[in-house]
Amino acid sequence: MRAALALLACLATLPAQARELGTMQISGQMTLDWIAVEPDAGGGFTARYRVFGSIDDSDGTGQEMLMAGFDLRCVGTMRVTHGRLETDEASCRLANGYGHGLWLDIRSTDQPWEAHLLRLSFGDGAGPYARVRGTGEAMRVMHAMPHYAAPWGFFNGEVRWRLE
């Protein structure tokens, strides 16, 4: 975490063209907690949910990721029909132990429930992350079907970070 904060502090003083932070891995796990589920006549449902999870401490090579160890909390709405995730939209907060972090928007459309691509957009940070922005994609692999009380899964992808 110290390395990430030092990097952000140094980059804040660079000229605008040098503020690209590069592409970095992001991975972690999440559990969905259904808040309200509305079944439909076609065998599907629309649901409001909360997510509880975290970002991994490293990228698998021993290198620390930008949001390493941060807690992930989301509120979202999804539509699932016949084993397919039709839509998923969530607003999330990534925060470290000091309450600093970023907001994350997640979007996904029409893919199999078991593995689906999430579009990620990071911004509106607090503390040393106030000027950090990012966009990327992550594959979410679910290890429990949507009819379970608390389906869970892992995500792994890449984010292109920049400092504004």
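In the block above lies the structure referred to throughout.
Residues numbered from 1 in each chain as written. Predicted model: local features only at pLDDT ≥ 70, side-chain atom pairs only at ≥ 80, totals over all residues. Heavy atoms only, no water.

**Overview of the overall build of the chain**
Here comes step 1: Scanning the chain from terminus to terminus reveals one helix and eight strands.
Here comes step 2: In sequence order, the secondary structure elements of the chain are arranged as α-β-β-β-β-β-β-β-β.
Here comes step 3: Considering only intrachain contacts with a sequence separation of at least 6, the fraction spanning at least 24 residues in the chain is 52%.
Here comes step 4: Summing over all exposed atoms, the chain offers an accessible surface of approximately 8,300 Å²; the carbon and sulfur share of this is 54%. (Helix = DSSP H or I, 4+ residues; strand = E, 2+ residues; numbered from the N terminus. Contact = heavy atoms within 4.5 Å. Areas by Shrake-Rupley, 256 points an atom, 1.4 Å probe, with all protein chains shown as cover.)

**Digging into the pairing of strand β7 (residues 132–142)**
Here comes step 1: Only one face of β7 is covered, namely the one carrying Val-132, Gly-134, Gly-136, Ala-138, Arg-140 and Met-142; the face carrying Arg-133, Thr-135, Glu-137, Met-139 and Val-141 has none of its residues buried.
Here comes step 2: By the bridge criterion, eight bridges tie strand β6 (residues 115–126) to β7 in an arrangement that is antiparallel. By the bridge assignment, Leu-117 is partnered in β7 with Met-139.
Here comes step 3: Turn length for the β6-β7 hairpin, with the two strands adjacent in sequence and antiparallel, is five residues, and the turn residue Gly-127 shows positive phi of about 65 degrees.
Here comes step 4: Both β7 and strand β8 (residues 152–163) contribute to a ladder of 11 bridges, which runs antiparallel. What sits directly across from Glu-137, in β8, is Glu-158. (Buried < 20%, exposed > 50% of the residue type's maximum accessible area, 1.4 Å probe, protein only. Pairing = 2+ DSSP bridges.)

**Regarding empty space enclosed by the protein**
Here comes step 1: Applying the stated criterion across every chain yields a total of one cavity of 30 Å³ or more.
Here comes step 2: Taken as a whole, the largest cavity spans an internal volume of roughly 60 Å³.
Here comes step 3: Put simply, the parts of the chain that give the lining of the largest cavity at least two residues each are β1 (20–39), β5 (101–112) and β6.
Here comes step 4: The greatest single-element share of the lining of the largest cavity, amounting to three residues, is contributed by β6. (1 Å grid on protein atoms, 1.4 Å probe; cavity = no way out; pocket = protein on both sides within 12 Å on 5 of 7 lines; lining within 4 Å. Points joined across faces, edges and corners; volume = space filled by probe spheres on them.)

**What about the pattern of salt bridges?**
Here comes step 1: Within the structure shown, the criterion is met by nine salt bridges.
Here comes step 2: Among the salt bridges present, the one from Glu-86 reaches Arg-79, with a minimum N-O distance of 3.7 Å.
Here comes step 3: Here the residues in one salt-bridge network are Asp-40, Arg-79 and Glu-86, joined through shared partners. (Salt bridge = Lys/Arg side-chain N within 4 Å of Asp/Glu carboxyl O.)

**Quick look at the state of the cysteines**
Here comes step 1: For the coordinates displayed, the defined rule picks out one disulfide.
Here comes step 2: The disulfide bridge from Cys-74 ends at Cys-92, spanning 2.1 Å between sulfur atoms. As the torsion about the S-S bond is roughly 105 degrees, the Cys-74-Cys-92 disulfide counts as right-handed. A residue pair is termed long-range when its members are at least 10 positions apart, and Cys-74 in strand β3 (residues 71–81) and Cys-92 in strand β4 (residues 84–95) qualify at 18 residues. Exposure class is identical for Cys-74 and Cys-92. Each is buried. (Disulfide = S-S within 2.5 Å.)

**A short note on unusual backbone geometry**
Only a minority of non-glycine residues have a phi that is not negative, and only a minority of peptide bonds are not trans.
Here comes step 1: The phi dihedral of His-82 falls on the positive side, at around 50 degrees, and the residue is not glycine.
Here comes step 2: Among the structural elements, His-82 can be located in the loop between β3 and β4.
Here comes step 3: One non-glycine residue with positive phi stands out, namely Asp-110, at about 35 degrees.
Here comes step 4: By secondary structure assignment, the location of Asp-110 is in strand β5.

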